[in-house]
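Descriptive structure summary
Single-letter residue listing:
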Amino acid sequence: RYFVVNSDPIQTQEFARMFARLANRSLRVWRMPAWTARLLVGPGWAAPPHTDAAFANIRLRGTGFTFRYPTLEDGVRQVVAAL
């Protein structure tokens, strides 16, 4: 299991681009109408594209948790290497 988060919030799209770059893969994005997404994955998961979904580690740091890899890029690189 991995906690891959950043000290500064990062949007999901930025995370996907970084992961694709570090995995030496091209990032493919399939656009679809919102109604199609709701039909496929349900209304709770089909959020509109203008949402502010972000990964951040403020709650983990608040508990005293320390990270082995200090940056998001270092952590993603380690995850990709483990694959």
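Structure first, text after, so check above.
Remember, it's a predicted structure, so these values are computed and weren't measured experimentally. (Residues numbered from 1 in each chain as written. Predicted model: local features only at pLDDT ≥ 70, side-chain atom pairs only at ≥ 80, totals over all residues. Heavy atoms only, no water.)

Time to look at unusual backbone geometry. Peptide bonds are trans in most cases, and residues, glycine excluded, mostly fall at negative phi. The backbone of Asn24 sits at a positive phi, close to 55 degrees, despite the residue not being glycine. On the secondary structure map, Asn24 appears in the loop between helix H1 (12–22) and helix H2 (34–41). Judged by relative accessible area, Asn24 falls into the exposed class, the value being 69%. (Helix = DSSP H or I, 4+ residues; strand = E, 2+ residues; numbered from the N terminus. Buried < 20%, exposed > 50% of the residue type's maximum accessible area, 1.4 Å probe, protein only.)

Along the polypeptide, Ala20 turns up in helix H1. Judged by its relative accessible area of 9%, Ala20 falls in the buried class. The spacing of Ala20 and Val76 is 56 residues in sequence and 10.0 Å in space, taken between C-alpha atoms. Among residues more than four places away in sequence, those in contact with Ala20 are Arg25, Ser26 and Leu27. (Contact = heavy atoms within 4.5 Å.)

For the rest of this paragraph, the subject is the pattern of salt bridges. A complete count under the given rule lists 3 salt bridges for this structure. Among the ionic pairs, Arg77 bridges to Glu73, the shortest N-O distance being 3.0 Å. Here Arg77 and its partner Glu73 are both found in helix H4 (residues 72–82), 4 residues apart, which amounts to about one turn of the helix. (Salt bridge = Lys/Arg side-chain N within 4 Å of Asp/Glu carboxyl O.)

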